[in-house]
Every structure is written in C-alpha cells, then in structure tokens.
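Residues per chain, in single letters:
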Amino acid sequence: MNVQTRETDVAVIGGGAAGLFAAIYAAKGGASVMLLEKGVTGRYGATSCALWSIQAPFGPRGMDARDSPEVMFRDIVTNGRFLGDQNIIEVITKTACDRILDLESYGLKFRKLEDGRFYQTPFPGQTYPRSVFVYENGYAMSMALAREVQRTPDVWVVNDFSAFAILTNRGRTVGVLGLDMGEGQPVAVKAKATVLATGGYTAMWDFTDNPPNLTGDSLAMAYRAGADLIDLQFCDFYGTDVVWPPSVRGTVVLYELLAEQFTDGNLYNSEGKAIFPKPLPVRDEALRMIYDEIRKGRGTPHGGVWYDVTKSRKSKAEIRKIYEDMTPRHYNFIKEAAGIDLVEKPLEVAPATHYQSGGVSINERCETTLRGLYAAGECSSNFQGGNRVAGMGLCAAITLGAQAGKHAAKYAAKKSARLDRTQVEYWVKKANSFLRPKKREAAGHQLKDRVRKTMGTYMAPIRSRRGLERGNAEIQKIRAKLLPRVHVPDVGTYNVEWAEAIEGMLMLETAGLAIGCALRRTESRGHHFREDYPQRDDKNWLKHIVVKLKAGRQSYSTRPVIYTKIKPPGVK
Amino acid sequence: MVQKITAKVFRFDPARDPAPYYRIYKLPVEEPTTVLTILKRIHEEKDHTLAYRDHICYKGICVACEARVNGKTVRTCSTLVKPGETVLIEPVTTNPVIRDVVTDLGRTVEREGISFLIRRGALVQIRKPSGSKD
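Heads up: these notes are all about the structure in this document.

Rules used throughout
Chains are numbered independently. Their residues run from 1 in the order of the written sequence. Chains and ligands are labelled sequentially in the order written, the chains with letters from A and the ligands with numbers from 1. Side-chain atom pairs in this predicted model are given and counted only at pLDDT of 80 or more, local residue features only at pLDDT of at least 70, and totals for whole chains, interfaces and linings cover all residues. The basis for every side-chain value is the complete set of non-hydrogen atoms in the structure, without hydrogens or water. Here a pair means two rings of Phe, Tyr or Trp (six-membered ring of Trp) with centres within 6.5 Å. Their orientation is stacked below 30 degrees between planes, edge-to-face above 60, and tilted elsewhere. By the criteria applied, helices consist of DSSP H or I runs no shorter than four residues and strands consist of E runs no shorter than two, each listed in order from the N terminus. Only protein chains enter the area calculation, which uses a 1.4 Å probe; residues under 20% of their type maximum are buried, those over 50% are exposed, and those in between are partly exposed. Only Lys NZ and Arg CZ are tested; either one counts as a charge over a ring when it is within 6 Å of the ring centre and within 35 degrees of the ring normal. Whenever Lys or Arg places a side-chain nitrogen within 4 Å of a carboxyl oxygen from Asp or Glu, that contact is recorded as a salt bridge. Here, two residues are considered to be in contact whenever any of their heavy atoms come within 4.5 Å of each other. Computed with a 1.4 Å rolling probe, the buried area is the accessible surface lost when two parts are put together, summed over both parts. Under the scheme applied here, ten amino acids are nonpolar (Ala, Val, Leu, Ile, Met, Phe, Trp, Tyr, Cys and Pro), four are charged (Asp, Glu, Lys and Arg), and all others, including Gly, are polar. Under this scheme, a helix contributes an axis fitted over its contacting stretch, all axes are lines through C-alpha atoms, and angles between N-to-C directions fall in the 0 to 180 degree range. Handedness of a crossing is defined here by the sense of rotation of the near helix relative to the far one, left-handed for an anticlockwise turn of less than a right angle and right-handed for a clockwise turn. Two strands qualify as a pair provided DSSP detects at least 2 bridges between them.

Moving on, we come to the packing of aromatic side chains. This structure, assessed with the given rule, holds 17 aromatic pairs over all chains. Look at Phe21(A) and Tyr106(A): their rings are 6.1 Å apart centre to centre, the planes differ by 45°, and that puts the pair in the tilted class. Of this pair, Phe21(A) sits in helix α1 (residues 17–28) while Tyr106(A) sits in the loop between α4 (86–105) and β4 (120–121); the two residues are 85 residues apart in sequence, bridging distant segments of the chain. You'll find Phe21(A) and Tyr106(A) in the same group, each marked buried. A centroid spacing of 6.4 Å and a plane angle of 75° characterise the contact between Phe10(B) and Phe12(B), whose relative ring orientation is edge-to-face. Of the two residues, Phe10(B) and Phe12(B), both sit in the buried class. Each member of the aromatic cluster is reached from another via a ring pair, and the members are Trp52(A), Tyr119(A), Phe123(A), Phe133(A) and Tyr135(A). Over the face of the ring belonging to Tyr119(A) we find Arg111(A), whose NZ or CZ atom lies 5.1 Å from the ring centre. In this structure, Arg111(A) packs its charged tip against the face of Phe133(A), placed 4.1 Å from the ring centre.

To continue, consider the pattern of salt bridges. Residues and elements named next belong to chain A. Summed over the entire model, instances satisfying the criterion amount to 52 salt bridges over all chains. A salt bridge links Lys-192 to Asp-9, with the nearest nitrogen and oxygen atoms 3.0 Å apart. Taken together, the residues Lys-192 in strand β9 (residues 185–196) and Asp-9 in strand β1 (residues 5–13) connect sequence positions 183 residues apart. Accessibility expressed as a relative area gives 24% for Lys-192, which makes it partly exposed. Its salt-bridge partner being Asp-264, residue Lys-278 comes within 2.8 Å of it at the nearest N-O pair. Here Asp-264 lies in the loop between β11 (235–244) and β12 (266–268) and Lys-278 lies in the loop between β12 and α7 (283–295), a separation of 14 residues in the sequence. For Lys-278, a relative accessible area of 27% corresponds to the partly exposed category. Three or more residues joined by partner-sharing salt bridges are found here, namely Asp-231, Arg-521, Glu-523, Arg-525, Arg-536 and Asp-538.

If you look at the interface, chain A gives 57 residues, while chain B gives 41 residues. Of the roughly 4100 Å² buried between chain A and chain B, counting both surfaces, carbon and sulfur atoms make up 52%. Contact with chain B buries surface across chain A, with Trp156(A), Phe333(A) and Tyr494(A) losing the most and accounting together for 15% of the total. Remark: the boundary between chain A and chain B carries two salt bridges. Class assignment for the residues of the side of chain A that touches chain B results in 22 nonpolar, 20 polar and 15 charged.

Turning next to the packing of α1(A) against helix α10 (residues 392–414) of chain A. Residue and element names in this part refer to chain A. At their nearest, the axes of α1 and α10 sit 7 Å apart, and the two run at 35° to each other. Between α1 and α10 lies a crossing of right-handed hand. Facing Ala-17, Ala-18, Phe-21, Ala-22, Tyr-25 and Ala-26 of α1, the residues of α10 in contact are Ala-397, Ile-398, Gly-401, Ala-402, Gly-405, Lys-406 and Ala-409.

A few words on the pairing of strand β4 (residues 66–69) of chain B. All names here are of chain B. As defined by bridge partners, β4 adjoins strand β5 (residues 72–75) across four bridges and the pair is classed as antiparallel. The residue of β5 that forms the bridge with Arg-68 is Thr-73. Counted between consecutive antiparallel strands, the loop separating β4 from β5 contains two residues, among which Asn-70 sits at a positive phi close to 50°. In this structure, β4 lies alongside strand β7 (residues 86–90), joined through two bridges in antiparallel fashion.

Take unusual backbone geometry next. Residues and elements named next belong to chain A. Cis peptide bonds are those with omega within 30 degrees of zero, and the linkage from Trp-244 to Pro-245 qualifies with 0°. Along the chain, Pro-245 falls in the loop between β11 and β12. In this model, Ser-381 is joined to Asn-382 through a cis peptide bond whose omega is -5°. Among the secondary structure elements, Asn-382 is positioned in the loop between β17 (380–381) and α10. One non-glycine residue, Asp-231, adopts positive backbone phi at about 50°. Relative to the assigned elements, Asp-231 resides in the loop between β10 (229–230) and β11. Here Asp-231 falls in the buried class, since its relative accessible area comes to 0%. Even without being a glycine, Tyr-494 presents a positive backbone phi close to 40°.

See below:
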C-alpha cells in the first residue's frame with residue numbers, strides 16, 4: 001500500500017490558541033513544525049469562538065495591586081473543587097502574564113487604562129478582577145497567532161487535515177495519520193514528537209455552544225495509542241446559551257453580565273420568578289439552579305429559562321451600552337440572524353456543553369503517559385478540576401500550549417522516528433472501509449447524530465447509574481449495528497461525509513469512555529452531578545479517575561490529585 | 001405553515017468536472033432559515049456529495065462560512081432566507097475552489113526552511129447569476 005508521507009520534527013494537531021502557541025514555541029526551540037488543522041487555522045476551533053476574557057494576575061500592572069499568581073492559584077484550586085493537579089496550575093499561574101505579553105508583541109490589542117495598566121473585569125470565582133480584555137475577542141487572538149505562525153520560519157501549516165490516529169512504534173509516538181481533505185486521501189505525518197491541541201469534546205452532545213467540529217478526537221486517538229485519559233466525566237456546561245430560535249441556537253449570552261455592576265438583569269422561570277441570587281453564583285452552582293427549574297417543569301416553551309434584562313432598574317440605553325461594549329459581536333449576531341434585540345425582548349436560554357475539563361492526562365511539562373506525545377489546552381487534563389472558572393479556558397490554552405511546544409522540541413532534538421508500516425496500513429484500511437458499498441447504507445452524519453443524542457440524554461448535567469448504563473448500552477448498539485453500515489460516497493476532494501464518518505468512529509470510542517468515567521464517580525462535584533449520589537464525598541473522591549487501553553479493553557483505575565501547595569480542608 | 005425554499009447551488013470539482021454546473025434543491029421550512037443551515041440540510045437530507053464548510057463561531061466573525069448568496073459575498077451563518085424564497089448559493093470569487101462552495105482559505109505546505117501559502121484548486125470565473133436580486 002502506498003501512503004503519502006510527510007516528515008517533521010514536531011507535529012501539532014489543532015490550530016487554535018494551544019496549537020499555535022505550541023508551534024511557535026517548538027520552532028523557537030529549534031524544531032521544524034507541521035501544524036495540522038482540521039479546518040482553517042485561526043478561523044476554526046474554540047479559540048476563534050471564544051469571548052474576550054483571559055485570566056492573568058497582573059497585580060500592580062492591572063486593576064488590583066493585591067492580585068498575584070499565588071492568589072490566582074488559590075482561586076483555581078478551590079473553585080476547581082480541589083481536583084486540579086497543582087503542579088500544572090503552578091505552570092499556568094506563573095506564566096499567564098508572560099503569554100499575554102507575547103500576544104501583545106504579536107500585535108493583539110488589549111483594553112488598557114489611561115495610565116497603561118491592563119483593564120480587567122471581575123468574574124465569579126476571581127478574588128480580584130483578573131480577566132484581561134481582548135479587543136474583538138478570541139477571533140482576534142487566534143488570527144494574531146496564525147499571523148505570527150506565518151511569520152515563523154520552520155512552521156508549516158496544513159489546513160483541512162482531519163487527524164484520526166496517533167502512530168506508535170515500540171511504545172513511542174512516531175507521528176500522525178489523518179484524512180487530508182484537499183488531497184482526498186489519508187496522509188501520514190512522520191514526527192519525532194506530537195502535540196495534541198485539538199480542543200474539547202463538547203460537540204459530542206446535541207446542545208453545545210462550541211463549533212460542530214469539536215468532537216474530542218484527541219481522546220480516542222490518545223486512548224488507542226495507549227495513553228492515560230483522566231476525569232472524562234467533567235464536561236463543563238454553560239448555563240445560558242440560546243435555545244430558540246434555531247438560527248442562533250447555541251449562541252452564548254453571558255450570565256456574568258446579569259451582575260449588579262453590569263445589567264442587573266436576571267433569569268426567570270415560566271412563573272415569572274427570578275432564579276439567580278446576587279452576587280451571582282459561580283458556574284457549576286448557576287448551572288444547577290437553571291437545570292433544576294427546567295426539570296421541574298418551570299421552563300420556557302423550548303425547554304429553557306428566560307434571560308431577561310427588561311425588568312432591570314437600569315435604563316435600556318445603559319444596558320445596550322453594556323452589551324455593545326462587552327459582547328458587541330454576539331449582540332449583533334442575535335439581532336442579525338434572529339431579528340431579536342435582547343435589550344428589548346427576553347431570550348430563551350438553557351445549559352449547553354461549554355468546556356472539557358477532563359482529558360488526556362499530562363504532567364507539568366505537558367507530557368502524556370505515552371513517550372513523545374504531548375497535550376495542551378482543553379484536550380489535556382486535569383488542572384481545571386471539577387469546575388472551570390471564567391477566563392481559564394484561553395489562559396490554559398496559551399500557557400500550556402507554549403509549555404508543550406517547548407518540551408516537545410527538546411524531546412524531538414534527541415530522538416528519531418520510524419513508522420510501523422503495518423500500523424499505517426491498518427488505519428488506512430479502516431478509513432477506506434467507509435468507501436465500500438454496504439447493505440442498508442447509513443450516512444456518516446447519522447452516526448454522529450446518534451452519539452450526540454445518546455450523550456445529550458444520558459450525560460446531561462444531572463446523571464444517574466441507570467441512565468448511564470442505558471447510555472452505555474446505546475453506544476454498544478450503535479457500534480455493533482450502525483457503524484458497520486456507514487457508507488460514504490467516493491467524491492475525491494473535500495469529502496464531508498468521509499470526515500464525518502471518521503469523526504463519528506472516534507466519537508463512539510470517546511463517548512463510551514466518558515460514560516464509563518461518569519459511572520464510576522459515585523459522588524457529585526463541580527459539573528458532575530449524580531442524582532443517586534448527590535453529595536460531595538471528600539473522603540473517597542479526592543482523586544482522579546484514569547482510563548486506558550489494556551489488552552484491548554477499557555481499564556479504569558484512580559490516582560491521587562497532586563497537591564503541591566494547598567491541601568483540601570481536613571486532608572493532611 | 002410549511003413552505004419551500006428553492007436553493008440553486010454551484011457544484012464543481014476542479015479535478016473531475018470539465019465545467020461548473022448548478023443543482024436545484026427544494027427544502028421544506030417553517031421558519032426563516034440561514035444559508036448555512038440550508039447547506040447543512042441539503043448535505044444531510046438531499047445530497048451527501050455536496051461539499052460545504054460546517055463551522056460556526058456564533059458571532060458572525062470567523063468568515064469560514066462565507067459564500068456568494070444571490071451574487072453578494074456574505075456570511076452564510078447570519079444570512080436569512082424566508083420560506084417560499086429562491087436563493088442562489090455560490091463560492092466566493094476571491095479564493096480558488098476546492099470543491100463546490102468550499103474554497104481554499106489559506107493553505108500552506110512544506111518547503112525548505114520557510115512556510116508559504118499556496119493556492120489549491122482552481123480560480124473559477126462565475127458568470128453573472130440569472131435572477132439574482134442585486
């Protein structure tokens with residue numbers, strides 16, 4: 001079998017903030033880099049969809065001199081419900097400001113005070129105002145990084161490349177295999193080190209505020225290659241995403257802007273009762289309050305609650321100015337694509353998947369448990385713990401992206417890579433099998449839809465053993481009955497169905513693992529809420545759930561949380 | 001009330017087709033529908049071979065979904081078509097066509113020591129659409 005092969009020192013999978021930072025820092029470390037992006041670098045991915053908030057403890061250079069990396073460290077640890085590995089949180093908090101200054105040097109504009117200090121907003125879960133403000137939000141950031149990558153010698157960007165297998169040889173990572181949409185065929189990339197930066201698995205659910213391609217491909221790929229995955233039950237939900245009308249379904253409207261210092265609006269149930277106390281709750285608590293109203297039958301016609309600023313004591317002009325100032329793009333998008341001005345009219349909102357806190361297990365150098373394989377940003381884990389606070393998604397992406405790139409380059413300098421041809425052929429055959437005609441054919445997107453429906457039903461914000469077991473059975477059924485029937489047309493370049501079939505295959509694997517982790521965590525903490533175990537159980541569950549592939553089967557275990565500085569109350 | 005949207009869609013595979021052609025699809029809808037949703041629904045319900053970029057940033061900024069709609073370059077995520085209307089959907093003319101309405105939004109490949117942008121696919125001259133609104 002003749003498979004087109006390209007060669008590089010470091011392969012980076014994913015063209016969002018984590019991947020772009022990894023590419024820049026790996027190149028700085030002397031490596032040649034190939035960045036493999038599923039869509040278009042800088043435009044696709046969660047970074048370009050993100051808002052403007054990045055946590056950075058600038059202290060005297062920002063809004064409050066009392067803030068520091070130490071205060072930020074404590075905020076992340078406690079709001080993560082003591083499940084974040086502190087060796088990684090140290091890296092994040094210590095390097096956040098430097099990465100913001102990097103971004104500034106790449107041409108990104110931040111809002112500043114007149115005396116040059118960083119403007120920072122206070123969000124729930126931050127002791128002092130800590131979120132710096134990126135003009136034109138995450139999109140400006142990913143484009144600034146993409147342009148910096150263009151200027152960086154030795155970084156080659158390959159767009160429209162859907163990675164689907166990590167290649168190994170004798171227990172080491174030696175590259176990546178993916179569907180090159182432009183070529184219309186699988187292409188192998190031989191690499192001495194590989195960085196996973198594919199973002200989250202949020203699009204495995206049927207209601208998300210992330211783009212549809214965030215299917216968590218890293219998880220299935222890393223698992224198949226033999227790396228440890230960790231805490232996959234922790235999918236963070238965001239409480240207030242638009243459910244209706246369909247044209248703007250999934251758009252974020254910030255609940256944080258309902259705070260007294262902003263619009264002073266609230267969420268209302270169908271009986272007209274206000275839902276939030278003030279000051280506003282942090283995300284996991286907010287989510288549960290909203291979900292509870294909907295479950296108890298006090299929701300809106302399309303299964304949400306009302307996001308309503310019309311009853312605020314503040315004037316419409318004042319409120320409009322806040323949205324135009326803070327989230328102008330989202331505000332205008334809802335006006336344009338749905339014809340609704342949210343200052344004038346309440347919107348139906350509900351919890352949607354927002355961020356993956358679990359993921360590929362890493363240490364403070366972003367090394368996974370598989371040699372030569374690194375992970376950064378949303379797909380890596382676990383430093384957010386059970387609950388990510390506002391401004392920590394982008395912050396983890398930029399800090400860990402750079403860290404992964406730096407260490408991957410160091411590793412690549414000492415190693416060589418040789419592909420295992422049998423393994424390459426195995427995966428290429430697997431991908432090509434979708435092109436073969438089948439009896440009672442099914443389409444690639446049907447596979448994804450079935451997984452999404454299963455996750456939406458059984459991996460919802462509130463879970464139970466019975467539901468999760470049903471979900472597991474459903475995943476097994478899809479794998480046995482639907483997957484073998486998936487057929488895609490042979491249309492050459494940019495074969496959307498083929499990419500979807502491969503994504504669906506990976507999603508099936510990841511969904512099974514996520515449900516497995518959720519089943520085993522018999523307590524409630526952060527964004528994992530078990531109806532049958534409603535209490536937080538610090539005695540038994542201050543630990544991570546680990547899953548890996550062992551002798552062809554899922555093998556679950558636990559490992560302690562790494563505490564370097566702050567122990568949970570009551571733990572010695 | 002269910003009405004139909006009639007979409008006339010540009011189809012072209014530079015590697016296989018001698019020339020571009022148009023296909024007409026009729027979709028039942030109840031609400032005003034975005035062009036991005038129309039493309040997604042054609043792909044899923046009518047024709048799996050249609051190539052389009054399935055990406056949305058929920059704020060009309062990333063332009064990954066950009067296309068020419070009734071002769072005008074727009075973001076398809078925030079361009080609404082009313083039930084009963086006819087719409088012409090074509091690729092933007094500034095980038096080479098990879099296939100159908102998907103264009104190359106910037107693609108680089110390896111070359112000794114530097115990264116550079118190469119244009120893939122073919123630049124296509126789009127004739128003035130008949131029945132366009134502008």
